[in-house]
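Results of the structural survey
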Amino acid sequence: MADLKDRIEGLRKAFEAEALKVGDAKSLEELRTAFLGRKKGHVTLLFEDLKTVPAEDKREAGRQVNAFKTFVQDGLLALEGKVRSDGRPARAMDLTLPGRKKYVGAPHPLVLFQQEIENIFLGMGFAIEEGPEIETDYYNFEALNFPPHHPARDSWDTLYIKDDLLLRTHTSPVQIRVMEKKKPPIRIIIPGRVFRRETPDPTHLPMFMQVEGLVVDEGATFAHLKGTLEYFIRALFGEKIKVRFRPSFFPFTEPSAEVDIECIVCDGKDPSCRVCGGTGWKEILGSGMVNPQVLKNVNIDPEKYSGWAFGLGIDRTAMFAYGITEMRHFYENDLRFLRQFGAK
Ligand code: DAH
């Protein structure tokens with residue numbers, strides 16, 4: 001072992017001395033061959049000799065020979081720079097360059113936004129439910145108090161699979177499925193994908209996301225609806241956001257209201273604002289007191305129980321929250337877009 005150490009030390013000195021003399025490509029090549037040559041190079045011979053080292057010393061000896069090999073390789077690399085005509089190292093290694101970043105997956109911006117919404121409602125004691133994306137006419141329309149051929153169906157441009165089977169146009173059918181199975185008190189939200197026959201444009205897509213909310217209990221009132229939704233919107237957009245309830249119509253709620261929030265992009269001051277269209281307000285959800293007929297349809301006694309519900313567009317609310325004017329960005333999977341949200 002001591003022997004080997006001395007030999008390596010001697011070779012190291014020899015290499016350093018020879019390296020000083022290298023002035024051109026030819027002498028560099030000679031030095032390389034002398035040390036790394038495949039048959040008689042010093043380093044090669046050291047590796048040969050390793051075979052005769054007793055087993056108990058092999059590990060340490062191997063380490064030393066390998067360290068010497070690296071020393072020689074690094075030395076040759078440094079010399080390459082010296083002998084090149086333009087003075088630049090042949091294989092430049094700029095140690096000041098930042099390393100290459102590895103991108104790992106990250107939740108999609110809509111998933112992050114949905115989780116934010118869910119957390120606010122979970123904090124208020126709501127539970128999360130889900131339902132099927134393929135629905136029957138009964139759940140998507142009829143049980144929600146849309147009589148057959150009622151003109152209100154036209155507001156939901158439906159994609160049919162066959163006569164009685166369709167892609168759900170909203171998350172409201174899950175209200176019915178839950179009320180069929182559970183007795184009040186019910187306090188749930190239902191996030192999910194919905195589908196409509198839409199031509200894609202900056203604010204419409206044939207597939208998007210909603211969160212439905214449903215509360216059924218004795219003595220549930222419109223005041224609870226209003227207070228809860230206002231609390232939710234403030235938790236999402238900050239204390240100062242202005243909220244407005246506007247009378248509206250849905251077959252499954254009576255009375256009904258749509259909820260607008262003040263445009264946070266232009267503060268209601270830009271008549272050509274691309275986000276609010278210059279109105280200063282942005283509609284984000286529909287809501288109302290569950291129509292007693294809907295409660296009857298699921299055998300809940302409307303004399304004893306009342307309910308309120310809402311449906312919020314996740315995509316459009318996320319667009320608004322992030323100041324995005326093009327809904328298609330969410331689904332095109334352009335990494336330049338996605339990496340701005342959580343993906344590092
Ligand atoms: N389902 C409605 C839509 O897609 C939104 C909605 C309005 C849901 C009122 C509700 C509600 O639960 O009470 O436009």
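I will try to describe carefully the structure that is included in this document. Position labels on residues start from 1 in each chain and follow its written sequence. Reporting of local features is limited, given that this is a predicted model, to residues whose pLDDT is at least 70; pairs of side-chain atoms are given and counted only at 80 or more, and all residues count toward the totals for whole chains, interfaces and linings. Working from all heavy atoms in the structure, the side-chain values ignore hydrogens and water.

**Topic: the site of the ligand**
Quick reminder of the rule: Think of it this way: one heavy atom of a residue within 4 Å of a molecule or strand is enough to make that residue near it. N or O atoms closer than or at 3.5 Å make up a polar contact, with two conditions inside protein: a donor-capable atom paired with an acceptor-capable one, and, for residues adjacent in sequence, both atoms drawn from side chains. Working definition of accessibility: Shrake-Rupley area with a 1.4 Å probe, residue cover restricted to the visible protein chains. A cavity here means a set of points on a 1 Å grid, drawn over the protein atoms and nothing else, where a 1.4 Å probe fits but cannot get out; a pocket is an open set with protein on both sides within 12 Å along at least five of seven lines, and a residue lines either one if it has an atom within 4 Å of a point. A molecule is said to be in a cavity or pocket once over half of its atoms fall within 2 Å of that pocket's grid points. Secondary structure is summarised from DSSP: a helix means a run of H or I of at least four residues, a strand means a run of E of at least two, and numbering begins at the N terminus for each. Each residue gets one of three labels, nonpolar for Ala, Val, Leu, Ile, Met, Phe, Trp, Tyr, Cys and Pro, charged for Asp, Glu, Lys and Arg, and polar for the others, Gly among them.
Taken together, the neighbourhood of the ligand is formed by 16 residues, with His-170, Gln-175, Arg-196, Gln-210 and Glu-212 sitting nearest. One nitrogen or oxygen atom from the main chain of Ala-309 is found 3.2 Å from an oxygen atom belonging to the ligand. Here an oxygen atom of the ligand sits 3.3 Å away from a polar atom, N or O, in the main chain of Phe-310. Within the complex, 93% of the 360 Å² of free accessible area of the ligand lies under protein. Because more than half of its atoms lie within 2 Å of the grid, the ligand is assigned to the largest pocket. Mapped onto the shell around the ligand, the elements with two or more residues apiece are strand E6 (207-217), strand E9 (281-290) and strand E10 (306-313). For the shell around the ligand, a count of residues per class yields 5 nonpolar, 9 polar and 2 charged.

**Overview of the environment of Phe-320**
Defined as follows: A 1.4 Å probe rolled over the protein chains alone gives each residue an accessible area, and that area as a share of the maximum for its type sets the label: buried under 20%, exposed over 50%, partly exposed in between.
As for its position among the elements, Phe-320 is in helix H10 (residues 314-322). By relative accessible area, Phe-320 is classed as buried at 1%. Separated by 56 residues in sequence, Phe-320 and Ile-264 place their C-alpha atoms 7.7 Å apart.

**Looking at empty space enclosed by the protein**
In this approach, a probe sized like a water molecule rolls over the atoms, and the result shows the empty space that is left. The test is simple: Grid points are joined across faces, edges and corners, and a volume is the space filled by probe spheres set on the points.
Enumeration according to the criterion identifies 1 cavity of 30 Å³ or more in this entry. Estimates place the volume of the largest cavity at around 70 Å³. With 3 residues, the top contributor of residues to the lining of the largest cavity is H10. A class-by-class count of the residues in the lining of the largest cavity yields 4 nonpolar, 2 polar and 3 charged.

**A look at the nonpolar core**
Cut-off, in case you're wondering: Joining through side-chain atoms within 4.5 Å is the link that ties buried Ala, Val, Leu, Ile, Met, Phe, Trp, Tyr and Cys residues into a set, and such a set is a nonpolar core.
Membership of the largest hydrophobic core comes to 47 residues, with the highest contact counts inside it found for Ile-117, Phe-232, Ile-233, Ile-261 and Trp-308. Of the residues forming this core, the biggest block, 6 residues, is contributed by helix H8 (residues 222-237). Counting 26 residues, the second-largest nonpolar core is a separate cluster that includes Trp-156, Met-179, Val-294 and Tyr-305.

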